[in-house]
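Survey of secondary and tertiary structure
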Amino acid sequence: MKRFNLLPVARARLGLVLAAAALWACGGDSDMAEMPGMEGDHAGHMMAATAAPPEIDTMPAVGRGLVQLTTEQEQALGVTYATVERVSAVREIRTVGRIDAPEGNIADITPKTDGFVEELLVATTGEAVRRGEPLLTLYSPALVAAQEELLTARRLAARVTPTAGEAWESAQSMLEASRRRLAWWDITGEQIERLEQTGEVTKTLRLVAPVSGIVLEKDVVEGQRVTPGARLYRIADLSTVWVEGEVFEQDLQFVDVGSQAHIEVTAYPGEHMMGTVSFVYPTVEVASRTNRVRVSVPNPGLRFKPGMFATVFFEVAAIRDEIAVPLEAVIVTGERNLVFVRDETGVLMPHEVVLGARAGDLVQILSGLAEGETIVASANFLIDAESRLGATGGGMPGMQHAGHGMEGR
């Protein structure tokens, strides 16, 4: 909003209003009547205009009059005008979020049988692993028994020919069941094939990484006994990360799935990455009146680390070829919003308007104004004060009023 200094004329008028209000609070009608140089009728108008604090709008719906200014008065008060137009404007929504690993790219490594860890091949948190890379070797009596069962089933199947009919089918079923049991215990097909080719039972078998990524957590040491379901590693693919931030309730209309966002982190000043809104949470936080929004961001080089804070910028088209006016042209009273419209004769008429979205120093007008109208763009509060005084039959000396009250507005 633009700032301007009141001219001496405006200062004198405001000082007169404030002095009258102070005397009214102290002495009532008799004190006001005794003010030197103040005529009774004009003093009455001043009391009516200042009985309530100026920052509170106590005037009824018909409590504003029409105002007409001369060119000199417009210059003295710093009044400027603008034409109502249809415009398009972009608004920037800014929030802070935290970088997290995508839930769908996280894998927990858990054994499916009892055993003991013989050797850790990935021994530290933060290591990068590839899909299929060995993580540890596991000794398990159940695994040893399953290997022996597979070799026995293979020998039996080799002795039975297809001409044996049902016996051959049973031998083949037993062989396939032995292979499946090892596979279900996360023994790779390569290890099973090597076992069948060599015919040698190994004491330990390897557990491998099911995905490529970074070891976020390691909860196992060498020699540890493990049980089915115990988490040994947590691995996350960080080639894409999530940034989750909170958007205020009134901005949700501009943020949709698929919207673009700029991401900046303090670790890399001056750099930014582009992301895409992948999810908008279905609930609003009651206390903060915000809604969580998830942005998916490519992470080449794994520069974005889970736990980092990031600033997220959404540039959205808040106003799209719609009527909008400068924000400072609107008088917000708390109960309604007013704009002073200048007609062809120069009369300033207050119009009640309904506000829409804001974009920078512009605000959308949903109703109350028409394209091409001329409105007061600055010094609105002085015009509004004079309009109030004019509605009560008073007014500041030298000001002209075209009528009393806002009939029908």
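Residues numbered from 1 in each chain as written. Predicted model: local features only at pLDDT ≥ 70, side-chain atom pairs only at ≥ 80, totals over all residues. Heavy atoms only, no water.

1. A look at the confidence of the model for the chain
Per-residue pLDDT for the chain averages 79, and the proportion of residues at 70 or more is 80%. Within the model, the stretch residues 1-62 combines pLDDT values under 50 with 67 contacts to residues more than four positions away or in other chains. Taken together, the stretch residues 403-409 has pLDDT below 50 and engages in 21 contacts with residues farther than four places along the chain or on a different chain. (pLDDT = per-residue confidence, 0-100. Contact = heavy atoms within 4.5 Å.)

2. A few points about the pairing of strand 18 (residues 337-342)
Most of strand 18 sits inside the fold, with five of its six residues counted as buried. As paired strands, strand 17 (residues 331-332) and strand 18 are joined by two bridges and run antiparallel to one another. Looking at the pairing, V332 lines up with N337 of strand 18. The antiparallel pairing of strand 17 with strand 18 creates a hairpin that spans four residues between the two strands, and G334 there sits at a positive phi of about 105°. One ladder, built from six bridges, connects strand 18 with strand 19 (residues 347-359); its direction is antiparallel. In the strand pairing of strand 19, R342 is matched with L348. Two elements, strand 18 and strand 21 (residues 374-376), share two bridges in a ladder whose sense is antiparallel. Residue pairing in the sheet places R342 in a bridge with T374 of strand 21. (Buried < 20%, exposed > 50% of the residue type's maximum accessible area, 1.4 Å probe, protein only. Helix = DSSP H or I, 4+ residues; strand = E, 2+ residues; numbered from the N terminus. Pairing = 2+ DSSP bridges.)

3. A short note on helix 5 (residues 166-184)
With 19 residues, helix 5 should reach 27 Å at 1.5 Å per residue; the first-to-last C-alpha distance of 27 Å fits that figure. When helix 5 is considered as a whole, its buried residues turn out to be A171, L175, S178 and L182. Down the axis of helix 5, the buried side of the element spans an arc of 60°, and every buried residue falls inside it. Turned more than 90 degrees from where helix 5 packs its buried face, E166, E169 and W184 sit exposed. In this structure, the buried side of helix 5 is in contact with helix 4 (141-159), helix 6 (189-198) and strand 8 (204-208). Two residues or fewer past helix 5, D186 is found with a positive phi of approximately 70°. (Expected span 1.5 Å × (residues − 1). Arc of directions from axis to C-beta.)

4. Quick look at the packing of aromatic side chains
Following the criterion strictly, the structure yields one aromatic pair and no others. Look at F279 and Y281: their rings are 5.1 Å apart centre to centre, the planes differ by 80°, and that puts the pair in the edge-to-face class. Positioned above the aromatic ring of Y139, the side-chain terminus of K203 is 5.5 Å from the ring centre. One cation-aromatic arrangement involves R294 over W242; the distance from NZ or CZ to the ring centre is 3.8 Å. (Phe/Tyr/Trp six-rings, centres within 6.5 Å; stacked < 30°, edge-to-face > 60°. Lys NZ or Arg CZ within 6 Å of the ring centre and 35° of its normal.)

5. What to know about the side chain of S178
By the secondary structure assignment, S178 is in helix 5. Relative accessible area serves as the criterion here: at 2%, S178 is assigned to the buried category. When neighbours within four sequence positions are excluded, S178 is seen to be in contact with E149, L150 and A153.

6. Quick notes on the sheet that holds strand 7 (residues 134-139)
Strand pairs in the sheet, formed through backbone hydrogen bonds, run parallel or antiparallel to each other. Read from one edge to the other, the open sheet built from four strands follows the order 8-7-5-10, with strand pairing classed as antiparallel. A strand with exactly one partner marks an edge of an open sheet, and here the two such strands are strand 8 and strand 10 (225-226). Of the pairings in the sheet, the one linking strand 5 (residues 115-120) to strand 10 comprises two bridges and is antiparallel in character. Note that in strand 10 the partner of F116 across the bridge is R225.

7. What to know about helix 4
In this model, helix 4 (19 residues) spans 28 Å end to end at C-alpha, consistent with the 27 Å of a helix rising 1.5 Å per residue. Residues of helix 4 that are buried include every one of L143, V144, A146, Q147, L150, L151, A153 and A157, and no others. Buried residues in helix 4 make contact with strand 7, helix 5, helix 6 and strand 8.

8. Describing the pattern of salt bridges
Across all of its chains, the model carries 16 salt bridges by this definition. In this structure, E176 engages R179 in a salt bridge whose closest nitrogen and oxygen atoms are separated by 2.7 Å. Taken together, the residues E176 and R179, both in helix 5 and three residues apart, mark about one turn of the helix. Among the ionic pairs, R292 bridges to E244, the shortest N-O distance being 2.3 Å. Taken together, the residues R292 in strand 15 (residues 290-298) and E244 in strand 12 (residues 240-248) connect sequence positions 48 residues apart. On the basis of relative accessible area, R292 is assigned to the partly exposed category, the value being 38%. On the basis of relative accessibility, which here comes to 13%, the residue E244 falls in the buried class. Through salt bridges with shared partners, one network takes in R154, E176, R179 and E196. (Salt bridge = Lys/Arg side-chain N within 4 Å of Asp/Glu carboxyl O.)

9. Considerations on the nonpolar core
Residues L135, L136, L182, Y233 and I235 are the most contacted members of the largest nonpolar core, which totals 30 residues. When residues of this core are traced back to their parent elements, those giving at least two are strand 5, strand 7, helix 4, helix 5, helix 6, strand 8 and strand 11 (233-236). It is helix 4 that contributes the most residues to this core, six residues altogether. Among residues more than four places away in sequence, those in contact with L136 are V117, E119, L120, L121, L205, R206, L207, V220, L232 and Y233. Residues I99, A310, V312 and F314 belong to the second largest nonpolar core, which totals 27 residues. (Core = buried A, V, L, I, M, F, W, Y, C linked by side-chain atoms within 4.5 Å.)

10. Some thoughts on the packing of helix 5 against helix 6
At a minimum axis distance of 10 Å, the contact between helix 5 and helix 6 shows a crossing angle of 140°. In terms of orientation, helix 5 lies oblique with respect to helix 6. Every pair of crossing elements has a handedness; the one defined by helix 5 and helix 6 is right-handed. Contact with helix 5, carried on its side by R179, L182 and A183, involves I192, L195 and E196 of helix 6 and no other residues of that element. Broken down by class, the residue content of the contact of helix 5 with helix 6 amounts to four nonpolar, no polar and two charged. (Axes fitted to C-alpha atoms, helices over the stretch in contact; angles between N-to-C directions. Parallel < 35°, antiparallel > 145°, perpendicular 65-115°, else oblique. Left-handed = near helix turned anticlockwise from the far one by under 90°. Nonpolar A, V, L, I, M, F, W, Y, C, P; charged D, E, K, R; others polar.)

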